[in-house]
Amino acid sequence: MPSQPSSPVRAGTAAAGAAPAGGSTPAGRFRPELHGLRGLAIGLVVLYHVWFDRVSGGVDVFLFISAFLLVGTFLRKADAGRAMRPPAYWARTFKRLLPPTAVVALATLAGVYLVLPADRWMTALTDAIGSVLHVENWVLVRRGVDYYAAEETGASAFQHFWSLSIQGQVFLAWPLLIAGGVLLARWRGWSVRGVLAVVFALVLVASFAWSVHSTAVQQEIAYFDTFARLWEFAAGSLLGLALPVWEERRARTGRRRRPRPRTALVPVVMGWAGIIGLVSCGLLVDVQGAFPGWIAAWPLAAAALVLCSGTTGHPLGVDRLLSTRPGRVLGDISYGLYLVHWPLLTLYLARAGKERAGLLDGLVLILLSLVLAWLLTKVVDTPVRRWRWAGAKARRGGLVVLSCFVLALAPMIGAQQHLLGEQREAEARAVADNPGARVLDPDFTVHPDADPSAEPLPTAATIGKDWFTGTEPCTGALEPQGEAAERLSTRCAQIPGEEGGPVLVSAGNSRIEQFTGALAPLAAREGWTVITLWEGGCTYAPDAHVNEVCDRFSADTEAYIEQIAPEAVVLNTTFLSTDYEETVVPGIEQTLASLGAQGSTVMALRDQPRLEVEPVPCTEEKGTEDPSCISPLPAPLAEERPDAALLEQAPGPVVPLDVNDLICPGGECPPVIGNVRVSLDDDHITETYAISMQGEVDARLREGGFRW
């Protein structure tokens, strides 16, 4: 949502002439109602976020309007026969956008440091860097498809930068599209508007088709996907091409004849229909759950109705409301208001421990957002935008952009490297200071150089990243083949061993993959390749019906295991529910028989505990020694495993494996063992602790008859 001048917004190409009868604005005249529409849209965004915990569709209006204005800017150049000069546009635009972004991003980081626990800092720094670079939407896409990252935190204080990032990417691409279209039109002697209309129509059709498909199959990704949003910009661009022509024709017709009273009311009705449609969209539609598919046309059509209604001059026209001083002021600060309201809201809710603001605190948040937005506009946005020296030449604007990048990114990257440096420094002393599960060995002795004051590993700032996974995609002979290849291509990862050496496949959910952190260093030592195949929340159960997602994952994984015939497979043979009931994985008897028939040794892992207390927030608040941060071992896990008889009778080689006494020694699950954080949440052990279990896991595997 770019910052805009405080004066009314110009759209279309410059055109002289008196206002037409009926009050419609001729092409090229100022459009104060557009400025007010932007203010209304951001107002809805804030209200819906603060009080309804919903998405309004106002962001889509911003994307639509920004394309409408961008096309108007370049059309005026084309009509005047001037060069398009995309770099000059980029310098001017990002000179205006980046200073407020940098200020808010740095201020938000300060708020995160003061309000949120240390385990949220690294994620916030990643988001801040992504926001300044205008790639935050892709950061969120990666986090959305990354089960590990999705488990890490709640809503990011930088999440609202997704739309600004998409807008910034379009601001880079659109001038190139337009410049190419204008050059083609001038070369061939074609109409500039005609060529651009074809270009944007093609973008709209392709993007709309992708948006509908992607929203149907992966909506959480499509919501932040630039390509699924391009059709909204294309729609605004097409309106920017057509509306000036239509208004010029109306202007000429209006000078020749006086319109009928009923005809004069049409723009009034159109405008109010647009406003009602915009306001009602977020109330009637689950915007966050349904967009950006075809339903996103709702707020775009509403905005188009308001723009097409123009300046009616009618006392009941919606333009009269949008052009009032409150409407203009809200439009003036709309960019700043969008920037500041979300970090204020998320940090306040995190501090207060609330899911949503109430009437009074919500009102305070809105008023504070308005004040801060006004200050940001007054102190940062307006002075930079009106800075004559910087605006006189494109290279000066580019210098401002470069300076903003340096001033914003330097402290962010510096802080990120500082946190990583602390982790690396601690890891260098881990043998002495952080033995982890090794302290459970009766023969363990404290290292003579151990520092009793050393911090636990992983550090609080990096624990959210302490997930185990493969280091590279499956390739060569281990690359998935057949019908499941495309689906498994993003899931199949490997830690390569000796070329042509034995292979271990870890199949199941993220809990078993975290445990695989104990197997990976053993496999590496022996030259084995480790393959990880996981689906969040899905136990590997190819011979049972669980649900559509898990069944597809299990079938694909079964086909892959048959393809590569690994020497060993590690999987869960029991499952501990969230109600702390342990059951045998459905169909596991047939699964064991199938794996045995192809010669794979099965490491039959008993499911791990689920904790009653979230260890990281508890220890951050109360310390690692506080007894209230200890969870009891779920009672079923203290009894004989329910699959014991089944494993004894399995036809193939099976090695039973139970490591719950290493996670919860003595029937208690402490947050820290051997100065290593055991769990990163209530469901998953840390990779660091899993690695510390490797010696005991190796001993138990050998005791069960397994040989590397």
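It should be noted that the structure appears before, not after, this text.
A. Just the overall build of the protein, in detail. The number of helices and strands found in the protein is 29 helices and 15 strands. Viewed in the frame of its principal axes, the protein has a C-alpha envelope of about 100 × 55 × 45 Å. A total of 708 residues make up the protein; the buried ones form 55% of that total. In the protein, the proportion of contacts linking residues at least 24 apart, taken out of those at least 6 apart, comes to 78%. Summed over its atoms, the accessible surface of the protein is roughly 30,300 Å², and 59% of this surface lies on carbon and sulfur atoms. For the protein, the distance from the average site of its 58 positive side-chain charges to the average site of its 72 negative ones is 28 Å.

B. Inspection of the side chain of R700 at higher detail. Structurally, R700 can be placed in helix α29 (residues 694-703). For R700, a relative accessible area of 18% gives the class buried. A distance of 2.9 Å separates the side chain of R700 from the side chain of E696, its partner in a polar contact. The residues contacting R700, other than those within four sequence positions of it, are L657, D658, V659, D661 and L662.

C. Molecular detail of unusual backbone geometry. Across the junction of L457 and P458, the peptide omega takes the value -10 degrees, indicating a cis bond. Assignment of secondary structure puts P458 in the loop between α19 (430-433) and β3 (472-473). Its identity as a non-glycine residue notwithstanding, R85 has a phi of 50 degrees, on the positive side.

D. Spatial organisation of the environment of F553. Summarising the element assignment, F553 is placed in helix α23 (residues 548-564). Residues contacting F553, with those up to four places away along its chain left out, are G508, L533, W534, E535 and C538.

E. Fine view of the packing of aromatic side chains. Tallied over the full model, the rule gives 16 aromatic pairs. In this arrangement the basic side chain of K77 is found over the ring face of F74, its NZ or CZ atom lying 5.2 Å from the centre. In this arrangement the basic side chain of R188 is found over the ring face of W187, its NZ or CZ atom lying 5.3 Å from the centre.

F. Representation of the pattern of salt bridges in the model. A full pass over the atoms with the stated rule returns 18 salt bridges. Where R385 meets D381, a salt bridge forms, and the shortest distance between an N and an O atom there is 3.8 Å. One end of the pair, R385, and the other, D381, are both in helix α16 (residues 359-385), 4 residues apart, so they sit about a helical turn from each other. The exposure classification of R385 matches that of D381, with both residues buried. Here R700 and D661 are joined by a salt bridge, their closest N and O atoms 2.8 Å apart.

G. Just a nonpolar patch on the surface, in detail. A contiguous nonpolar surface patch, about 530 Å² in accessible area, is contributed by L368, V371, L372, W374, L375 and V379. Summarising the element assignment, V379 is placed in helix α16.

H. Looking closely at the environment of V132. Looking at the element boundaries, V132 is found in helix α4 (residues 121-132). Linking V132 and V59, residues 73 residues apart in sequence, is a C-alpha distance of 19 Å. Residues in contact with V132, not counting those within four places in the same chain, are L98, T101, A105, F405, A408, L409 and M412.

I. Quick look at the state of the cysteines. Summed over the entire model, instances satisfying the criterion amount to 4 disulfides. Paired through a disulfide, C474 and C492 show a sulfur-sulfur distance of 2.0 Å. Taking the torsion about the S-S bond as the criterion, the C474 to C492 disulfide, at about -85 degrees, is left-handed. Of this pair, C474 sits in the loop between β3 and α20 (485-488) while C492 sits in the loop between α20 and β4 (493-495), and the two are 18 residues apart along the sequence. Judged by relative accessible area, C474 falls into the buried class, the value being 7%. Classification of C492 by relative accessible area gives buried; the value is 4%. Listing the disulfide partners of the protein by sequence rank of the bonded cysteines yields 1-2, 3-4, 5-6, 7-8. A disulfide-free cysteine, C281 has its sulfur positioned 18 Å from the sulfur of C308, the nearest such atom. A residue is classified by how much of its surface remains accessible, and C281, at 0% relative accessible area, is buried.

J. Fine view of empty space enclosed by the protein. For the structure on display, the rule yields 4 cavities of 30 Å³ or more. A volume near 50 Å³ is recorded for the second largest cavity. Contributing to the lining of the second largest cavity are Q608, P609, L611, I663, S679, D682, D683, H684 and I685. Looking at the lining of the second largest cavity, its residues break down into 4 nonpolar, 3 polar and 2 charged.

K. Representation of helix α14 (residues 325-332) within the structure. For α14, the full list of buried residues reads G327, G331 and D332. For α14, the angular spread of the buried residues around the axis is 140 degrees, confining them to a single face. In α14, the exposed positions angled more than 90 degrees off the buried face are occupied by R325 and P326.

L. Looking closely at the packing of helix α3 (residues 86-115) against helix α7 (residues 161-188). Between α3 and α7, the shortest axis-to-axis distance is 10 Å and the interhelical angle comes to 175 degrees. With respect to each other, α3 and α7 are oriented roughly antiparallel. Between α3, through P86, Y89, W90, T93, F94, L97, T101 and V104, and α7, the contact on the second element is made entirely by F161, G168, F171, L172, P175, L176 and A179. Classifying every residue of the contact of α3 with α7 by side-chain character gives 12 nonpolar, 3 polar and no charged.

M. View of the sheet that holds β4. Taken together, 7 strands build an open sheet; the order of strands is β3-β4-β6-β5-β7-β10-β12 and the sheet is mixed. In the strand order of this sheet, the two ends are held by β3 and β12 (654-657), each with one partner. By the bridge criterion, 5 bridges tie strand β7 (residues 568-572) to strand β10 (residues 601-605) in an arrangement that is parallel. Paired with A568 across the strands is T601, a residue of β10.

N. Main features of the packing of helix α15 (residues 334-352) against α16. Between α15 and α16, whose axes approach to 8 Å, the crossing angle comes to 140 degrees. Taken together, α15 and α16 sit at an angle that is classed as oblique. Along this stretch, α15 crosses α16, giving a crossing that reads as right-handed. In this structure, α15 contributes Y335, G336, L337, L339, V340, H341, L344, L345 and Y348 to the contact, and α16 contributes D361, L365, L368, S369, L370, L372, A373, L376 and D381. Grouping the constituent residues of the contact of α15 with α16 by class yields 13 nonpolar, 3 polar and 2 charged.

What counts and what doesn't
- Residues numbered from 1 in each chain as written.
- Predicted model: local features only at pLDDT ≥ 70, side-chain atom pairs only at ≥ 80, totals over all residues.
- Heavy atoms only, no water.
- Helix = DSSP H or I, 4+ residues; strand = E, 2+ residues; numbered from the N terminus.
- Buried < 20%, exposed > 50% of the residue type's maximum accessible area, 1.4 Å probe, protein only.
- Contact = heavy atoms within 4.5 Å.
- Areas by Shrake-Rupley, 256 points an atom, 1.4 Å probe, with all protein chains shown as cover.
- Lys, Arg positive; Asp, Glu negative; His and termini not counted.
- Charge placed at Lys NZ, Arg CZ, Asp CG, Glu CD.
- Polar contact = N/O pair within 3.5 Å; in protein donor to acceptor, adjacent residues only side chain to side chain.
- Phe/Tyr/Trp six-rings, centres within 6.5 Å; stacked < 30°, edge-to-face > 60°.
- Lys NZ or Arg CZ within 6 Å of the ring centre and 35° of its normal.
- Salt bridge = Lys/Arg side-chain N within 4 Å of Asp/Glu carboxyl O.
- Patch = residues over 30% accessible without salt bridge, like charges linked within 9 Å, V, L, I, M, F, W, Y side chains within 5 Å.
- Disulfide = S-S within 2.5 Å.
- 1 Å grid on protein atoms, 1.4 Å probe; cavity = no way out; pocket = protein on both sides within 12 Å on 5 of 7 lines; lining within 4 Å.
- Points joined across faces, edges and corners; volume = space filled by probe spheres on them.
- Nonpolar A, V, L, I, M, F, W, Y, C, P; charged D, E, K, R; others polar.
- Arc of directions from axis to C-beta.
- Axes fitted to C-alpha atoms, helices over the stretch in contact; angles between N-to-C directions.
- Parallel < 35°, antiparallel > 145°, perpendicular 65-115°, else oblique.
- Pairing = 2+ DSSP bridges.
- Left-handed = near helix turned anticlockwise from the far one by under 90°.

Coordinates in, geometry out; function isn't part of it.
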